[in-house]
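A closer look at the structure
Below are the chains, spelled out letter by letter.
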Amino acid sequence: MELKINETNVIELDIMELPDSCVVVINDGKVKLAELPPHAETKIITHKGRVTRVKWDEGEEF
C-alpha cells in the first residue's frame, strides 16, 4: 500500500488503522507500507542505494 506525503513533506499514520505488524519503507520520495505475514523471513532488496523489492519467505514452525 502506498502512503501519502502531505504538502509539508510529512507522513501521517493512524496507528489504530495499521495492521498489528507491518513495515514502512521510504525510497526515492515514495512511502510504502506492507503487512508482515505471521511466519516469514522478510528481505528488503536494494540496488545502488534504492529499494527494488520486498520479499517474504513464508514458513511455519514444525
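Heads up: these notes are all about the structure in this document. (Residues numbered from 1 in each chain as written. Predicted model: local features only at pLDDT ≥ 70, side-chain atom pairs only at ≥ 80, totals over all residues. Heavy atoms only, no water.)

This paragraph deals with the overall build of the chain. Within the chain, the regular secondary structure consists of zero helices and five strands. When the helices and strands of the chain are read in sequence order from the N terminus, they spell out β-β-β-β-β. Relative to the 2.2 N^0.38 estimate, which gives 11 Å for 62 residues, the radius of gyration of the chain is 14 Å and therefore markedly larger than a compact globule would have. Dimensions of the chain, computed from C-alpha atoms along their principal axes, come out at roughly 50 × 35 × 10 Å. Of all intrachain contacts in the chain linking residues separated by at least 6 positions in sequence, the fraction that spans at least 24 positions is 19%. Approximately 5700 Å² of the chain is accessible, and the part contributed by carbon and sulfur atoms is 48%. (Helix = DSSP H or I, 4+ residues; strand = E, 2+ residues; numbered from the N terminus. Rg over C-alpha atoms; globule rule 2.2 N^0.38 Å. Contact = heavy atoms within 4.5 Å. Areas by Shrake-Rupley, 256 points an atom, 1.4 Å probe, with all protein chains shown as cover.)

As a volume, the largest pocket reaches approximately 300 Å³. Along its surface, the largest pocket is lined by 13 residues, and V25, N27, K32, V51 and V54 are the ones closest to its centre. Counting only elements with at least two residues in the lining of the largest pocket, the list comes to β2 (22–27), β3 (30–35) and β5 (50–58). (1 Å grid on protein atoms, 1.4 Å probe; cavity = no way out; pocket = protein on both sides within 12 Å on 5 of 7 lines; lining within 4 Å. Points joined across faces, edges and corners; volume = space filled by probe spheres on them.)

By themselves, these figures tell us nothing about what the structure is for.
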